[in-house]
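# Analysis of the macromolecular model
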Amino acid sequence: MLHGIDVSAYQSSSYDTSGLSFVFIKATEGRSYVNPRLSAQTKHARDAGLVVGFYHFLWPGDLTAQAEYFLSHAPEKAGDILAVDWETTSSGTHASNADKDRFIRKLKQLRPHNRVVLYANRNYWLNVDITSYTGDGLWIADYVTAGKPRIKAKWRFHQYSSEPRDKDVAGFASKAALVEWAKNG
């Protein structure tokens, strides 16, 4: 398995990349938030030769406007991965299953050459999701042994820890396999 992390404005722009193959960087949230470290964190990842993914924290509301907002801030580069972070918002709400599915489809329509994955924690996947639609793959959060999330669904990425930072693994045999998958969106 390949190792990676995900970062947001809470992490430094010069995070440790040793031993990593990929990184997911928070780009946007809703229709008003942009990670102020997005450019610097992206440059750092690219300079380290990592496969780069960008994620959007999905809020209920105008999905087309959110998709356009996200894509106006997430760099457009072949081989980058786009992710939809579907969980409870700070106001205690969440986008519906239908909204989540429409958002993923909108991203795939607007950026047909990028892979799009769904990020969900184990509770959302088992108890909130009713469609199992993940676009090009599931990025599951379940804080257990790396690569052993407690779900039956096929996953591409597994966030297995948040200490001291969000740690992930990818279910690919090699970095070359991940690069090839990401490039063939």
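Residues numbered from 1 in each chain as written. Predicted model: local features only at pLDDT ≥ 70, side-chain atom pairs only at ≥ 80, totals over all residues. Heavy atoms only, no water.

Any space left empty among the atoms is revealed by the rolling of a water-sized probe across them. Roughly 350 Å³ of internal volume is contained in the largest pocket. Lining the largest pocket are 20 residues, and of these S8, K26, Y55, D85 and D166 sit closest to its centre. If you list the elements that add at least two residues to the lining of the largest pocket, you get β1 (2-7), β2 (22-29) and β4 (51-57). Reported here for the second largest pocket is a volume of approximately 160 Å³. Lining the second largest pocket are R46, L50, V51, V52, K77, A78, G79, D80, V179, A182 and K183. Only β4 and α5 (175-183) provide two or more residues apiece to the lining of the second largest pocket. Residue contributions to the lining of the second largest pocket peak at three residues, all from α5. Among the residues forming the lining of the second largest pocket, the class breakdown is six nonpolar, one polar and four charged. (1 Å grid on protein atoms, 1.4 Å probe; cavity = no way out; pocket = protein on both sides within 12 Å on 5 of 7 lines; lining within 4 Å. Points joined across faces, edges and corners; volume = space filled by probe spheres on them. Helix = DSSP H or I, 4+ residues; strand = E, 2+ residues; numbered from the N terminus. Nonpolar A, V, L, I, M, F, W, Y, C, P; charged D, E, K, R; others polar.)

Among all positions of helix α1 (residues 38-47), only L38, Q41, T42 and A45 are buried. An end-on view of α1 places all buried positions within 100° of arc, on one side of the element. Counted as exposed and oriented over 90 degrees from the buried face of α1: S39, K43 and D47. In this structure, the buried side of α1 is in contact with β1, β2, β4 and α2 (63-73). (Buried < 20%, exposed > 50% of the residue type's maximum accessible area, 1.4 Å probe, protein only. Arc of directions from axis to C-beta. Contact = heavy atoms within 4.5 Å.)

Right, let's talk about the pairing of strand β5 (residues 81-85) for a bit. Of all five residues making up β5, five are buried, and the element is well covered by its neighbours. Here β5 shows two buried faces, one formed by I81, A83 and D85 and the other by L82 and V84. Two strands pair when backbone bridges link them, and β4 and β5 are joined in this way by five bridges, in the parallel orientation. Among the inter-strand pairings, F54 is bridged to a residue of β5, identified as L82. (Pairing = 2+ DSSP bridges.)

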